[in-house]
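As a plain string of letters, each chain reads:
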Amino acid sequence: MALDGCGLVCKYVLFFFNLIFALLGFLFLGLGLWLRFSSNTRRIFTIDVLDSTTFVTGVTVLIALGTVMLIVVTFGDFGTCNEKKWALQVFSVLLSFLTVAEIVCGVLAYSRRHEVGEYIAEFYMSMYGMYINSGDPAIGVTLTFVHNLLHCCGMTGVSLLEVAKNTCPKPDGILEHLVMPHCPGIITTVFDSKAPLMLGIFIGTAALLVIALVCAIILLREIKKGQVAVMAHYSTVY
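Conventions used here
- Residues numbered from 1 in each chain as written.
- Predicted model: local features only at pLDDT ≥ 70, side-chain atom pairs only at ≥ 80, totals over all residues.
- Heavy atoms only, no water.
- Helix = DSSP H or I, 4+ residues; strand = E, 2+ residues; numbered from the N terminus.
- Buried < 20%, exposed > 50% of the residue type's maximum accessible area, 1.4 Å probe, protein only.
- Core = buried A, V, L, I, M, F, W, Y, C linked by side-chain atoms within 4.5 Å.
- Contact = heavy atoms within 4.5 Å.
- Phe/Tyr/Trp six-rings, centres within 6.5 Å; stacked < 30°, edge-to-face > 60°.
- Lys NZ or Arg CZ within 6 Å of the ring centre and 35° of its normal.
- Polar contact = N/O pair within 3.5 Å; in protein donor to acceptor, adjacent residues only side chain to side chain.
- Expected span 1.5 Å × (residues − 1).
- Disulfide = S-S within 2.5 Å.
- pLDDT = per-residue confidence, 0-100.

Asker: Sorry if this is basic, but what is going on with the overall build of the protein chain here?
Answerer: A tally of helices and strands in the protein chain yields seven helices and zero strands. Counting only residues that meet the buried cut, the protein chain has 33% of its 238 residues in that class.

Spelled out as structure tokens, the structure:
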């Protein structure tokens, strides 16, 4: 069905939105499934391991988030590419729920930023403990990324005591050859100090979802308008 300029622009916007959403969905789902079924972490989900609740919850959230994102993309892509009204309607409803959830989560994370920072620090400590016990190279890569991003080193930061210092960044000065910031404290501090930025990211993401929602509604109207025009044409001819 031929679309006018506005409808065509919205169709391409939704296509690129779904593409990015799909990549993120596969990333979250893949990471969650890997952490769930990896030979080094699978036992955490089958037996009671000390301080594993945070890790199990984090992995469950990753799997659920990735699954929801891929479901949204499925309806969005099918409705956009095939110009199916029912699929776009389901896509619009799901986007509405996601937008509200994004804003609520952002406000809650901001208002409880200290608790959220501690929760993320606990998740880091779970990852760190698994790396020490198993030496999983994939977890090592994850720790290396976190350490370089936050410029911190493990649980203690003390070079002589740190077991996973091979994942730590290069020291910036002479003193850091002996002691670097320890990651749990840095994670809590950074999340607490950067809470306004985190809230801005949540609100910005919600704004992008609103743009996609508006485009979906415009595309729905354009499809309906085209269908009405086709019906009017055939009623005139016949």
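Asker: How should I be thinking about the nonpolar core in this particular structure?
Answerer: Most often, soluble globular proteins keep nonpolar side chains buried together rather than apart. One finds Leu14, Phe17, Phe21, Leu88, Phe91 and Leu95 to be the most contacted residues of the largest nonpolar core, which totals 19 residues. Within the residue set of this core, elements represented by two or more residues are helix H1 (5-37), helix H2 (53-82), helix H3 (85-111) and helix H7 (195-237). With residues near it in sequence (within four places) discarded, leucine 95 still touches Phe17, Val72, Leu209, Ala212 and Leu213.

Asker: Help me understand the environment of cysteine 215, please; the structure alone is not making it clear to me.
Answerer: Among the secondary structure elements, cysteine 215 is positioned in helix H7. For the pair formed by cysteine 215 and glycine 7, sequence separation is 208 residues and the distance between their alpha carbons is 8.0 Å. Discounting residues that sit within four places of it in the chain, cysteine 215 has contacts with Cys10, Val13 and Leu14.

Asker: Just checking my understanding: could you explain the packing of aromatic side chains for this structure?
Answerer: Two aromatic rings are characterised by how far apart their centres lie and by the angle between their planes. Going through the model one piece at a time under the given rule, you end up with six aromatic pairs. On the basis of an interplanar angle of 70 degrees and a centroid distance of 6.4 Å, the ring pair of phenylalanine 17 and phenylalanine 91 is categorised as edge-to-face. With phenylalanine 17 in helix H1 and phenylalanine 91 in helix H3, this residue pair connects regions lying 74 residues apart in the sequence. A relative accessible area of 14% places phenylalanine 17 in the buried class. Relative to tyrosine 128, the ring of tyrosine 124 has its centre 6.2 Å away and its plane inclined at 35 degrees; by these criteria the two rings are tilted. Of the two residues, tyrosine 124 and tyrosine 128 both sit in helix H4 (residues 113-134), four residues apart, roughly one turn of that helix. Cluster of aromatic residues (ring-pair linked, three or more members): Phe17, Phe21 and Phe91. Here arginine 113 stacks its cationic end above the ring of tyrosine 110, 4.8 Å away from the centre of that ring.

Asker: Explain the side chain of threonine 188 here, please?
Answerer: Counting through the fold element by element, threonine 188 comes out in helix H6 (residues 183-193). In this structure the side chain of threonine 188 is engaged in a polar contact, spanning 3.1 Å, whose partner is the backbone oxygen of proline 184. Not counting chain neighbours up to four residues away, the residues in contact with threonine 188 comprise His114, Gly117, Glu118 and Ala121.

Asker: So what exactly am I meant to see when it comes to H3 here?
Answerer: Note that an α-helix has 3.6 residues per turn; residues three or four places apart therefore point the same way. With 27 residues, H3 extends 39 Å between its outermost C-alpha atoms, agreeing within 8% with the 39 Å of an ideal straight helix rising 1.5 Å per residue. When we look at burial in H3, the residues that qualify are Ala87, Leu88, Phe91, Ser92, Leu95, Thr99, Glu102, Gly106 and Ala109.

Asker: Please explain the state of the cysteines as it appears in this structure.
Answerer: Applying the stated criterion across every chain, the model contains two disulfides. Cysteine 152 shares a disulfide with cysteine 183; S-S distance 2.1 Å. In this structure, the disulfide formed by cysteine 152 and cysteine 183 twists by about 95 degrees around the S-S bond and is classed as right-handed. You can see cysteine 152 sitting in the loop between helix H5 (137-150) and H6 and its partner cysteine 183 sitting in helix H6, a full 31 residues away along the chain. Of the residues examined, cysteine 183 reaches a relative accessible area of 0% and is grouped as buried.

Asker: Is there a simple way to think about unusual backbone geometry in this case?
Answerer: Most peptide bonds are trans, and most residues other than glycine sit at a negative phi. At histidine 151, a residue that is not glycine, the phi angle is positive and equals roughly 50 degrees. Considering the arrangement of structural elements, one finds histidine 151 in the loop between H5 and H6. For histidine 151, a relative accessible area of 22% puts it in the partly exposed group.

Asker: Teacher, can you tell me more about the confidence of the model for the protein chain here?
Answerer: Close reading of the predicted structure is inappropriate where its pLDDT is low. A residue-level look at the protein chain finds 86% of positions with pLDDT of 70 or above and a mean pLDDT of 81. Looking across the protein chain, the model is least confident in H7, with a mean pLDDT of 79, and most confident in H3, with 89.

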